[in-house]
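# Overview (structure and organization)
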Amino acid sequence: MPHRAPGSPGHSAPNYLTGKAIKYYRPRGSADVRQLIEGGFQAFNAGRLSEACHIFADRMLSPEHDTTIGLTVAGALTPAGLGGCVIELMERGLVDFIISTGANLYHDLHYALNFTLHRGSPFVNDVELHEEGVIRIYDVLFPATVLLETDAYVRDFLVRCGIDEPISTSELHLRLGEDLLARREGCENYSVLAAAAKYGVPIYTSSPGDSSIGMNIAYHEFMNNSRLMIDPNKDVNEICAIVLAGHKNGCVILGGGSPKNFYLQAQPTLWEVYGIQKGGNEFFIQFTTDQVVWGGLSGATPSEAVSWGKVNPGVLPDTVVAYVDSTIAFPLFCEYAVGAPFGRRPRRNLVARRRELLATLHAEATAAAVSRPAVGEIETIGDLDRKT
Ligand SMILES: NC(=O)c1ccc[n+]([C@@H]2O[C@H](COP(=O)([O-])OP(=O)(O)OC[C@H]3O[C@@H](n4cnc5c(N)ncnc54)[C@H](O)[C@@H]3O)[C@@H](O)[C@H]2O)c1
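Predicted model, so just to flag it, every value in this text is computed and none were measured.

About the cut-offs
- Residues numbered from 1 in each chain as written.
- Predicted model: local features only at pLDDT ≥ 70, side-chain atom pairs only at ≥ 80, totals over all residues.
- Heavy atoms only, no water.
- Pairing = 2+ DSSP bridges.
- Helix = DSSP H or I, 4+ residues; strand = E, 2+ residues; numbered from the N terminus.
- Contact = heavy atoms within 4.5 Å.
- Axes fitted to C-alpha atoms, helices over the stretch in contact; angles between N-to-C directions.
- 1 Å grid on protein atoms, 1.4 Å probe; cavity = no way out; pocket = protein on both sides within 12 Å on 5 of 7 lines; lining within 4 Å.
- Points joined across faces, edges and corners; volume = space filled by probe spheres on them.
- Nonpolar A, V, L, I, M, F, W, Y, C, P; charged D, E, K, R; others polar.
- Near = heavy atom within 4 Å.
- Polar contact = N/O pair within 3.5 Å; in protein donor to acceptor, adjacent residues only side chain to side chain.
- Areas by Shrake-Rupley, 256 points an atom, 1.4 Å probe, with all protein chains shown as cover.
- Expected span 1.5 Å × (residues − 1).
- Bend = angle between axes of the 7 residues up to and from the residue.
- Salt bridge = Lys/Arg side-chain N within 4 Å of Asp/Glu carboxyl O.
- Buried < 20%, exposed > 50% of the residue type's maximum accessible area, 1.4 Å probe, protein only.
- pLDDT = per-residue confidence, 0-100.
- Phe/Tyr/Trp six-rings, centres within 6.5 Å; stacked < 30°, edge-to-face > 60°.
- Lys NZ or Arg CZ within 6 Å of the ring centre and 35° of its normal.

The next point concerns the sheet that holds strand β3 (residues 118-119). In a beta sheet, neighbouring strands are held together by backbone hydrogen bonds and run either parallel or antiparallel to one another. Strand order across the open sheet formed by three strands is β3-β5-β4, with antiparallel pairing between neighbours. What marks the edges here is a single partner per strand, and that holds for β3 and β4 (134-137). Where β3 and strand β5 (residues 140-143) come together, two bridges link them in antiparallel fashion. In the sheet register, Arg119 faces β5, and the bridge partner there is Val140. The sheet contacts of helix α6 (residues 144-161) involve β4 and β5, and relative to β5 the element is tilted by about 65°.

Right, dumping it as structure tokens:
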């Protein structure tokens, strides 16, 4: 019988770190997986996953639609080895920018720095793990020294990079990625941050203080009197500028959480705050375990997002939510996309275009401000002349 009773009598501490190393899985466009999704995934959430694959591969990636694609990442996906899927999509130009929890980027650094996370079991004694100095993310296990070493790298980087002013998270992640590329040859193959820097994909974090990267930035300010800090306004405006520039816009949302809204709020920021009528996203795909009935944003449907001007009301057929664990759905989805006819696009290199896109946003917002109704003059939403 497998050991499932933490602290059972006579139990001696096993070595928890003997499980296989978790490696970043790279999808290769498997014909068998495509056949399964086409022929086997016919109804319920398998049907929704199949639909998501079609919307992405046939429509979002089609040159006809020229869609700027944002990927949002919540849940512990890099610890589970899904960073390789993200790298493959970036390398092929299938995602143009990313919004992730800081945790996923922090844990990506372990791979970049060649530390090992192990496959394990969720049925272990956590008190014993604590005594042994082993950290657990559900069934992913690794020594606490990995945290300490990764934190030391982040602090060294913060000193070495010499940044001493407020910056966007895209700039922070670019500089981190460049530092990794310079120090670890070939690490773009096993680090999302390094690959993003190499392929010109901006990565944003919606809650920069909420991760070990943020914790070390706080240390750096406090202990080294640094003026490096994350300015979330820069992120909000850069994402808005990217969405404004998109011929069409679409998203792939993994999980929910703050990255989901940080992406979706770009459209309301444009129409509601800047007075620029963009019309809402044309495509929306979400893989989630969150439910709509609790009223939270994580489980909110594309239909609800229409009411906010986040999703174009004319395109609901191009939206889908599959209620499925992303650790299952995302690799399948990526296999399908990579093997699809439009499985490679020219990369947009948005990292290099941030300044230019911000200038366009500024010009359009300045023009819109001239004809803006004053406080007390807005009687209906129609006064804003929303294009849909
Ligand atoms: N050391 C670190 O840096 C560290 C470590 C862990 C978490 N954190 C922080 O804690 C917060 C919470 O972390 P989180 O994003 O892992 O968890 P979360 O529980 O907040 O999940 C975020 C969203 O993703 C969904 N989700 C999670 N796993 C999923 C899966 N397998 N499939 C489908 N949907 C899934 C959730 O339902 C939720 O909507 C984050 O803001 C993160 O930055 C930091």
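Still more ground to cover, so stick around.
Glancing now at empty space enclosed by the protein. On inspection of all chains with the given rule, the structure shows five cavities of 30 Å³ or more. The computed volume of the largest cavity comes to approximately 90 Å³. As for the largest cavity, its lining consists of 13 residues, and the residues nearest its centre are Val73, Thr78, Val86, Asn104 and Val192. Elements with a minimum of two residues in the lining of the largest cavity: α3 (83-91), β2 (97-100) and α4 (102-112). Tallying contributions element by element places α4 first for the lining of the largest cavity, with three residues. Across the lining of the largest cavity, the residue classes break down as eight nonpolar, four polar and one charged.

Around the ligand, 20 residues are found, and the nearest of them are Asp210, Ser212, Asp290, Asp325 and Ser326. Within the backbone of Gly257, a nitrogen or oxygen atom sits 3.4 Å from an oxygen atom of the ligand. Between Asp290 and the ligand, the recorded distance is 2.4 Å, taken from a side-chain N or O atom to an oxygen atom. When the free accessible area of the ligand is taken as 830 Å², the share hidden by the protein chains comes to 66%. With four residues, the top contributor of residues to the shell around the ligand is α4. Class assignment of the residues belonging to the shell around the ligand gives a composition of five nonpolar, twelve polar and three charged.

Turning our attention to the pairing of β4. Strand direction decides the pairing type here: β4 and β5, joined by four bridges, are antiparallel. Looking at β5, one finds that Val134 is bridged to Pro143. The turn linking β4 back onto β5 is made up of two residues, and Tyr138 within it adopts a positive phi angle of 50°.

The terminal C-alpha atoms of helix α15 (residues 350-370), which comprises 21 residues, lie 29 Å apart, in line with the 30 Å expected from a rise of 1.5 Å per residue. Along α15, the helix axis deviates most sharply at Glu356, where the bend reaches about 35°. Here the buried face of α15 lies against β1 (67-73), β2, α7 (169-183), β7 (203-205), α10 (232-245) and α12 (266-273).

With that settled, consider the pattern of salt bridges. Overall, the coordinates contain 17 salt bridges when judged by the stated rule. Residues Arg26 and Glu88 are paired through a salt bridge, measuring 2.7 Å at the closest nitrogen-oxygen approach. On the criterion of sequence distance, the pair formed by Arg26 in the segment before α1 (31-40) and Glu88 in helix α3 is long-range, its members being 62 residues apart. In this pair, the class of Arg26 matches that of Glu88, namely buried. Ionic pairing is found between Glu88 and Arg92, a salt bridge with its closest N-O pair at 2.8 Å. Arg92 matches Glu88 in its accessibility class, with the two residues each being buried.

Since the α-helix advances by 3.6 residues per turn, residues separated by three or four positions end up pointing in the same direction. For helix α9 (residues 212-224), spanning 13 residues, the distance from its first C-alpha to its last is 17 Å, which sits close to the expected 18 Å at 1.5 Å a residue. Along α9, the residues that are buried comprise Ser212, Ile213, Gly214, Asn216, Ile217 and His220. At its buried positions, α9 is contacted by α4, α6, α7 and β8 (229-230). A side-chain oxygen of the first residue of α9 lies 3.1 Å from the backbone nitrogen of Ile213; this N-cap is Ser211. Of the residues trailing α9, Asn225 is marked for its positive phi of about 50°.

Sheet architecture is open: six strands sit in the order β7-β2-β1-β9-β10-β11, paired in parallel fashion. The strands lining the two open edges of the sheet, one partner per strand, are β7 and β11 (319-323). Between one strand axis and the next, the sheet turns by 15° as a mean value, whatever way the strands run. Relative to β2, β1 runs parallel, the two sharing four bridges. The residue bridging Thr72 from the neighbouring strand is Ile99, located in β2.

When the pLDDT values of the chain are averaged, the result is 94; 94% of them are 70 or greater. When the criterion is pLDDT under 50, residues 1-9 qualifies, and its contacts beyond four places in sequence or with other chains add up to seven contacts.

Time to look at the packing of aromatic side chains. Taken as a whole, this structure holds five aromatic pairs when the rule is applied. An aromatic cluster of three or more residues is present, and its members are Phe56, Phe287, Phe330 and Phe333. Over the aromatic face of Tyr219 sits the side chain of Arg155, whose NZ or CZ is 5.4 Å from the ring centroid. Lys310 extends its terminal NZ or CZ atom over the ring of Trp308, reaching a point 5.2 Å from the ring centre.

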